[in-house]
Amino acid sequence: SALERAQLVRYRLRGVAVQEAWRGAARLKLNPLVSAPIADLPVQEVVNGTHIRANLTLPLGEVMYRYKEGEFTPSAGRPDVLNAPAMPLISPSYAAASRRGTELSRDSMMMLRCTADAKFIASLLPHELQLDVCNSTGATDVYLSFTSSHGSGIGAYSNFRCLVPVRFNGGERALFNVLCVSDSSAAITLGRERFGEPHKFGHPSLRVVNDTLVAELHYGKRRVLTGSMLYKSAKLDAATAYELVQRPQLNLRVLPSVTNFGRNSIAQLVLLRYDDVDIGEAYTAPARIAALPHVHVPVADLPGLRATDGYYFRINNVSIDSATVVHDYTL
């Protein structure tokens, strides 16, 4: 089946206290859009409209039915739940993965290599991971990555990642994804549900301003991060470029339980590997970073954060194969 877990869930609202309620005439116009096909619903008549102001509590849910491979056969004219690519069934948030995985074209990518306090950064890691770099001053590397991408099944989006170089499984190198911010619901939903990427919604951007490559991250209406590096200052050797772009990524994939408050239904350490990487250009240059305090994007909380150098890539193609679960915390 396409889905790891599929459930029919019921919620009963509690503590409903209606403050005001009205009913009256109403009109409705539905505009066709392939990504939100509400206009495909065969609405025959708008009878009336209801406006309610109320206080209420959304409690824990109740699993009414668990769809299991070999025990579920879809009825004629009904959806094949276990082979649905994603929710909602009427218009999945992202397309089903092809046999080649999720293919990406990262038009532009800037990675800023920074240093920060090693003890603090280590406290952000699952216990299966160890810092890859720790120098004599007690600092470790942190990469802040900005990309402008488009991918199969998810379309165009911009992305920010805070990545920590780590070792696991006896010494294999990877980048642990501490924080990820994107401006596309499709990229966020795919990243969180399938790969466990720690996505939030925000507005990263990457652009060339005269002789400078400038990256910004806005959360809501507030700018919380600005990074810059000299544009195409010095060529980066191919071996270093491919090692950085192809280095595997580790995510902590967590999905809360429907029925048990404070418990997780899925808790996994997930490894992503990148294939079919084609780098068109790669450069390195001095870089700077400025972070402003924000409770939802706490990059400024990293003690001693300082940019040392930057890398700029033009990536023609890269694909993500199916992720591997390297540790399951529920077992």
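Refer to the structure printed above.
Cut-offs and rules
- Residues numbered from 1 in each chain as written.
- Predicted model: local features only at pLDDT ≥ 70, side-chain atom pairs only at ≥ 80, totals over all residues.
- Heavy atoms only, no water.
- Helix = DSSP H or I, 4+ residues; strand = E, 2+ residues; numbered from the N terminus.
- Buried < 20%, exposed > 50% of the residue type's maximum accessible area, 1.4 Å probe, protein only.
- Contact = heavy atoms within 4.5 Å.
- Areas by Shrake-Rupley, 256 points an atom, 1.4 Å probe, with all protein chains shown as cover.
- Lys, Arg positive; Asp, Glu negative; His and termini not counted.
- Charge placed at Lys NZ, Arg CZ, Asp CG, Glu CD.
- Pairing = 2+ DSSP bridges.
- Axes fitted to C-alpha atoms, helices over the stretch in contact; angles between N-to-C directions.
- Polar contact = N/O pair within 3.5 Å; in protein donor to acceptor, adjacent residues only side chain to side chain.
- Salt bridge = Lys/Arg side-chain N within 4 Å of Asp/Glu carboxyl O.

Participant: Would you mind going over the overall build of the protein chain in detail, with residue names and values included?
Facilitator: The helix and strand tally for the protein chain stands at 3 helices and 20 strands. In terms of its C-alpha atoms, the protein chain occupies a principal-axis envelope of roughly 65 × 45 × 40 Å. Each of the 331 residues in the protein chain was classed as buried or not, and the buried ones make up 39%. Across the protein chain, every contact between residues at least 6 apart in sequence was considered, and the portion connecting residues at least 24 apart equals 69%. Carbon together with sulfur atoms contributes 51% to the accessible area of the protein chain, which is approximately 18,500 Å² in total. Of note, the protein chain has its 35 positive side-chain charges centred 7 Å away from the centre of its 30 negative side-chain charges.

Participant: Before we move on, can you summarise the sheet that holds strand S12 (residues 212-219) with the specific residues and values?
Facilitator: Each strand in a sheet pairs with its neighbour through backbone hydrogen bonds, running either in the same direction (parallel) or in the opposite one (antiparallel). The strand order S11-S12-S13-S18 describes an open sheet built from 4 strands, whose pairing is antiparallel. Two strands close off the open sheet at either side, each with one partner strand: strand S11 (203-209) and strand S18 (287-291). Across the sheet, the mean angle from the axis of one strand to that of its neighbour is 15°, orientation sign disregarded. Relative to S18, strand S13 (residues 222-230) runs antiparallel, the two being bridged by 5 bridges.

Participant: Which residues make up helix H2 (residues 185-195), and what are the values?
Facilitator: Turning to H2, its buried residues number three or more, namely Ala 186, Ala 187, Ile 188, Thr 189, Leu 190, Gly 191 and Phe 195. If you check the start of H2, you find a side-chain oxygen 3.3 Å away from the backbone N of Ala 186, and it comes from Ser 184. Two residues or fewer past H2, Gly 196 is found with a positive phi of approximately 75°.

Participant: Before we move on, could you go through the pattern of salt bridges and cite the residues and values that matter?
Facilitator: Enumeration according to the criterion identifies 12 salt bridges in this entry. For the salt bridge of Arg 53 with Glu 20, the shortest nitrogen-to-oxygen distance reads 2.6 Å. One end of the pair, Arg 53, is in strand S3 (residues 49-57); the other, Glu 20, is in strand S2 (residues 14-24), with 33 residues separating them in the sequence. The class of Arg 53 is partly exposed, set by a relative accessible area of 43%.

Participant: A description of the environment of Pro 204 should follow, citing residues and the corresponding values.
Facilitator: Mapped onto the fold, Pro 204 is located in strand S11. The exposure class of Pro 204 is buried, given its relative accessible area of 6%. Separated by 22 residues in sequence, Pro 204 and Thr 226 have C-alpha atoms that sit 9.7 Å apart. Filtering out sequence-adjacent residues up to four positions away, Pro 204 remains in contact with Phe 146, Ser 158, Asn 159, Phe 160, Val 181, Ser 182, Asp 183, Glu 216 and Leu 217.

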